[in-house]
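Overview (structure and organization)
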Protein chains: 2
Amino acid sequence: MSFSITEENYIKAIFHLQHAEGTVSTNELAAELHTKAASVTDMLKKLKTKKLLSYEKYKGVRLSAEGKKLALGIVRKHRLWEYFLVDTLQFGWDEVHEVAEELEHISSKKLVEKLDAFLGHPKFDPHGDPIPDSNGKMAVQQHINLIDLSINKMAEVTGVGSQSTELLELLKHKNIGIGTRLEVKKTFSFDHSIEIKIKNQNAFTISQQLAQALFVKIV
Amino acid sequence: MSFSITEENYIKAIFHLQHAEGTVSTNELAAELHTKAASVTDMLKKLKTKKLLSYEKYKGVRLSAEGKKLALGIVRKHRLWEYFLVDTLQFGWDEVHEVAEELEHISSKKLVEKLDAFLGHPKFDPHGDPIPDSNGKMAVQQHINLIDLSINKMAEVTGVGSQSTELLELLKHKNIGIGTRLEVKKTFSFDHSIEIKIKNQNAFTISQQLAQALFVKIV
DNA sequence: AATTAAATTTAGACAAATCTAAAAATAATA
DNA sequence: TATTATTTTTAGATTTGTCTAAATTTAATT
Ligand SMILES: [Mn+2]
Ligand SMILES: [Mn+2]
Ligand SMILES: [Mn+2]
Ligand SMILES: [Mn+2]
């Protein structure tokens, strides 16, 4: 069976929202997809008949095994294309999400596999998110929030919590990106800001909000 | 203004059909797009209000300057993606058309320009068709049909007249591709077959049909 | 428990793109 | 020129995805 771009976007949105709770509400979906609750209800009924999810009136929705498989395929394409755009075509990581939002719907299986091979089977996309392999399996990145990193432990930035232009702008200015090595030197309880040190640079402080938007792993 | 995938496919089809005659008929378009004449009429009315073409009832259709510009942009994307698929991802040239049919609708201008630069601004796609530049200009390939090539003139294959799997299969078997150098050794008036010679290979004959499906330029 | 508030679903309508069948215009032929 | 045949357009329906407004269900408060 094949699915429309709209159907695929719904399935992917449910997949992402599902990770928090097990079940997703109509309003959550409407917000995520910038549409109205009534439209969501209509689409859920349709996707249920296609067996991509289980749905009972007023009870929220949950992807079926088949729905999950479809979602993982779309996420795989999305993240592979993002990797391609940044790694091969030299896009900035703030510019790639929208383009990947379109490219993820290109249907050719062969294209995905050839692209994956060309890129060298990358495990993580430019935002640090894991790329599912052709079987839907993805590496579990045991990264922690920078806010929870102990003092004087060397760590590497592995991911960002958002991909807004605003965040990127700030990270560029502070010279932080995926792969940057840093350690926390001091924490301030007044505003929960933290002082960090990057090799060959002076220590500087970053806000609580920024620290919460960064994920790191200890190295 | 932005256009739907369907609208873009109509514009591109008109562009291609227009090259033969100046004006395109409803039935021609219906055949090309695998749809019905009634659907074409509806769409033509719509595209006229969008000023992409001039259209009078029963009189056929012709692209406006704006329509041509849009068409050239789509053709540019189509052929750049085909080049990418063959050159970068190692697709066979028979496998790329369908995929490019989808990729040509990805809207990002920046993507097209970055892709073009990454590929080294190629002038021709894997089928020998010219790729329009960012201003819509394309190289004029003064190639001739192999059937019209004079005897003993060294020539290089620059294009194919069709991109069917059947043709590719035959060309693969005969070891002929874009760039292959050959000369005509003899022509047979009985069946209009011709004998050709490729360097370091024995001469062999090819059918009239095959010769007509090949374009060459004298080198 | 009764009332109010919030979330969700239904009812009815609309735009895009398509189709079949019938009507109208143009082209071909006798 | 009159009659067919072909092409093209209109009329009316259908599917997909969306919307607003109203009704219903569930959750939260008195
Ligand atoms: Mn998308
Ligand atoms: Mn990403
Ligand atoms: Mn297309
Ligand atoms: Mn081509």
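So, here is what we can say about the structure in this document. Predicted, not measured: the structure shown is a model, and the values here were computed from it.

Mapping chain A onto chain B is achieved by rotating through 180° and translating by 0.0 Å along the same axis, at an RMSD of 0.2 Å. Seen this way, the second copy is the image of the first under a two-fold rotation axis. Within chain A, the C-alpha atom positioned nearest to the axis of rotation is that of Leu103 of chain A, 3.8 Å from it. Both copies share a contact surface, since 100% of the interface residues of chain A are interface residues in chain B too.

This model, assessed by the stated rule, comprises four aromatic pairs over all chains. A network of ring pairs unites the aromatic residues Trp81 and Phe84 of chain A together with Trp81 and Phe84 of chain B as a single cluster. We note Lys114 of chain A situated over the ring of Phe91 of chain B; from NZ or CZ to the ring centre the distance is 5.3 Å.

For the rest of this paragraph, the subject is the protein's contact with DNA strand D. Taken together, 21 residues sit near DNA strand D, with Ser4, Thr35, Ser39 and Lys46 of chain A together with Tyr55 of chain B positioned nearest. Per the 4 Å cut-off to the protein, sugar and phosphate atoms form 79% of the nearby atoms of DNA strand D. Between DNA strand D and Asp42 of chain A, the relevant distance is 3.5 Å, taken from a base oxygen to a side-chain nitrogen or oxygen of the residue. Within the contact set of DNA strand D, a phosphate oxygen lies 2.4 Å away from a side-chain nitrogen or oxygen of Tyr55 of chain B. Secondary structure elements with two or more residues in the surface near DNA strand D: helix H1 (5-18) and helix H3 (37-49) of chain A together with helix H2 (26-32) and helix H3 (37-49) of chain B. Ranked by residue count, the leading element in the surface near DNA strand D is H3 of chain A, at five residues. When the residues that make up the surface near DNA strand D are grouped by side-chain class, the tally is eight nonpolar, eight polar and five charged.

A word on the sheet that holds strand E7 (residues 204-206) of chain B. Residues and elements named next belong to chain B. Spatially, the six strands line up as an open sheet ordered E3-E8-E4-E5-E6-E7, and their pairing is antiparallel. Each end of this open sheet is capped by a strand with a single partner; those strands are strand E3 (144-145) and E7. In this structure, E3 lies alongside strand E8 (residues 214-218), joined through two bridges in antiparallel fashion. Residue pairing for E8: Ile144 is matched across the bridge by Val216.

It is worth spelling out the protein's contact with DNA strand C at this point. By nearness alone, 20 residues border DNA strand C, and Tyr55 of chain A together with Ser4, Thr35, Ser39 and Lys46 of chain B come closest of all. Among the elements of the structure, helix H2 (26-32) and H3 of chain A together with helix H1 (5-18) and H3 of chain B are those that each provide at least two residues to the surface near DNA strand C.

Turning our eyes to something else, we now look at the sheet that holds strand E5 (residues 181-187) of chain A. All names here are of chain A. A sheet is described by the order of its strands in space; here six strands give the open sequence E3-E8-E4-E5-E6-E7, paired in antiparallel fashion. Edge positions in the sheet fall to strand E3 (144-145) and strand E7 (204-206), since each has one partner strand and no second. With three bridges connecting them, strand E6 (residues 194-198) and E7 associate as antiparallel partners. When the bridges of E7 are listed, Ile196 appears paired with Phe204. Packing of helix H7 (residues 165-174) onto the sheet brings it into contact with strand E4 (155-160), E6, E7 and strand E8 (214-218), and relative to E7 it is tilted by some 170°.

Take the side chain of Ser108 of chain B next. Residues and elements named next belong to chain B. Relative to the helices and strands, Ser108 resides in the loop between helix H5 (96-103) and helix H6 (109-119). By relative accessible area, which is 15% here, Ser108 ends up buried. Only 3.4 Å separates the side chain of Ser108 from the backbone nitrogen of Lys110, close enough to count as a polar contact. Only 3.0 Å separates the side chain of Ser108 from the backbone nitrogen of Leu111, close enough to count as a polar contact.

Once that is clear, we can look at the coordination of the manganese ion (ligand 1). Residues and elements named next belong to chain A. Distances from the manganese ion (ligand 1) to its protein donors, Asn9 (OD1), Glu101 (O), Glu101 (OE), Glu104 (OE) and His105 (NE2), fall at 2.1 to 2.7 Å. All donors to the manganese ion (ligand 1) come from one chain, and their sequence spacing reads N-x91-E-x2-E-H. His105 sits in the buried class, given a relative accessible area of 11%.

Residues and elements named next belong to chain B. Where strand E4 (residues 155-160) and strand E5 (residues 181-187) come together, two bridges link them in antiparallel fashion. The residue of E5 that forms the bridge with Ala155 is Leu182. As paired elements, E5 and strand E6 (residues 194-198) share five bridges and run antiparallel to each other. Within the sheet, the bridge partner assigned to Glu183 lies in E6 and is Lys197. Here E5 folds back onto E6 in antiparallel fashion, the turn holding six residues, of which His192 has a positive phi close to 60°.

Definitions and cut-offs
Residues numbered from 1 in each chain as written. Chains lettered and ligands numbered in written order. Predicted model: local features only at pLDDT ≥ 70, side-chain atom pairs only at ≥ 80, totals over all residues. Heavy atoms only, no water. Least-squares fit on C-alpha atoms with pLDDT ≥ 70 in both. Contact = heavy atoms within 4.5 Å. Phe/Tyr/Trp six-rings, centres within 6.5 Å; stacked < 30°, edge-to-face > 60°. Lys NZ or Arg CZ within 6 Å of the ring centre and 35° of its normal. Near = heavy atom within 4 Å. Polar contact = N/O pair within 3.5 Å; in protein donor to acceptor, adjacent residues only side chain to side chain. Helix = DSSP H or I, 4+ residues; strand = E, 2+ residues; numbered from the N terminus. Nonpolar A, V, L, I, M, F, W, Y, C, P; charged D, E, K, R; others polar. Pairing = 2+ DSSP bridges. Axes fitted to C-alpha atoms, helices over the stretch in contact; angles between N-to-C directions. Buried < 20%, exposed > 50% of the residue type's maximum accessible area, 1.4 Å probe, protein only. Donors = N, O, S within 2.8 Å, 3.2 Å for Na, K, Ca; no water.

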